[in-house]
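Tertiary structure, described
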Amino acid sequence: MSENVEMPLRRKKAYVPDLRRFGALCEGNYSRIRRLRLLAESQPDVAEFELCDGDAYFGRVRIEQLQQSRFTETLLLEQIHNAGRWLNDPHLTVRVYHDAGMAEVISCYRYNRIEAINDYPNRFMHHPDEKTQVNAFLADWLDFCLRFGHVPADRIAWPLTD
């Protein structure tokens, strides 16, 4: 005689965000953005610089201030020219919290809003930790910009001496 034995249903573990990692990414991104804005040619609400290593040209980066209030500002960070054909130009909207010393990505490319946690699977196939991944990408990209960012000689405000 065969008996129907019911197997208990296994529930997937709910995704729990790593707030320490996310906070560290946002604090690091705040510091990186501040250093990049010092590097770039100064205009009131736009900063631009070239990415190059010797003769290798990687493109041009633009940081534009979209909105400013007492403790926060919203920036558009984009690579407006890319020398490589294989990479999409990054296009990120970042909220900068000066009182907390943090910067987080609030939108990227064509996605107007990045959810803190995504159900998985979902319609757009975003990962449960998509917001953390996008902020980690921003950290990597900003590190690249800090390493290879240069203001073109013709845009330096002070004269070059020999």
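Summary of the structure given here. (Residues numbered from 1 in each chain as written. Predicted model: local features only at pLDDT ≥ 70, side-chain atom pairs only at ≥ 80, totals over all residues. Heavy atoms only, no water.)

1. Re the packing of helix 1 (residues 19-39) against helix 2 (residues 130-148)
Running from amino to carboxyl end, helix 1 crosses helix 2 at an angle of 30°, the nearest separation of the two axes being 9 Å. Classified by the angle between their axes, helix 1 and helix 2 sit roughly parallel to one another. Classified by chirality, the crossing of helix 2 by helix 1 is left-handed. Across the interface between the two elements, Arg21, Phe22, Leu25, Cys26, Asn29, Arg32, Ile33, Arg35 and Leu36 from helix 1 touch Lys131, Thr132, Asn135, Ala136, Leu138, Ala139, Leu142, Asp143, Cys145 and Leu146 from helix 2. For the contact of helix 1 with helix 2, the per-class residue count stands at eleven nonpolar, three polar and five charged. (Axes fitted to C-alpha atoms, helices over the stretch in contact; angles between N-to-C directions. Helix = DSSP H or I, 4+ residues; strand = E, 2+ residues; numbered from the N terminus. Parallel < 35°, antiparallel > 145°, perpendicular 65-115°, else oblique. Left-handed = near helix turned anticlockwise from the far one by under 90°. Contact = heavy atoms within 4.5 Å. Nonpolar A, V, L, I, M, F, W, Y, C, P; charged D, E, K, R; others polar.)

2. A few points about the nonpolar core
Core analysis: the biggest nonpolar cluster contains 22 residues, and Leu77, Leu92, Val94 and Leu138 have the highest contact counts within it. Elements with a minimum of two residues in this core: helix 1, strand 1 (46-53), strand 2 (56-68), strand 3 (72-82), strand 4 (91-97), strand 5 (102-108) and helix 2. When residues of this core are assigned to their parent elements, the largest contribution, six residues, is made by helix 2. With near-sequence residues (within four places) excluded, valine 94 lies in contact with Ile33, Glu73, Thr74, Leu75, Leu77, Ala103, Glu104, Val105, Ile106 and Leu138. (Core = buried A, V, L, I, M, F, W, Y, C linked by side-chain atoms within 4.5 Å. Buried < 20%, exposed > 50% of the residue type's maximum accessible area, 1.4 Å probe, protein only.)

3. A closer look at the side chain of glutamate 78
Positionally, glutamate 78 belongs in strand 3. Although glutamate 78 lies buried, it forms no salt bridge, and the closest oppositely charged side chain, arginine 62, sits 4.2 Å away as judged by the N-O distance. At 3.2 Å, the side chain of glutamate 78 and the side chain of histidine 91 are in polar contact. Not counting chain neighbours up to four residues away, the residues in contact with glutamate 78 comprise Arg60, Val61, Arg62, Pro90, His91 and Trp141. (Lys, Arg positive; Asp, Glu negative; His and termini not counted. Salt bridge = Lys/Arg side-chain N within 4 Å of Asp/Glu carboxyl O. Polar contact = N/O pair within 3.5 Å; in protein donor to acceptor, adjacent residues only side chain to side chain.)

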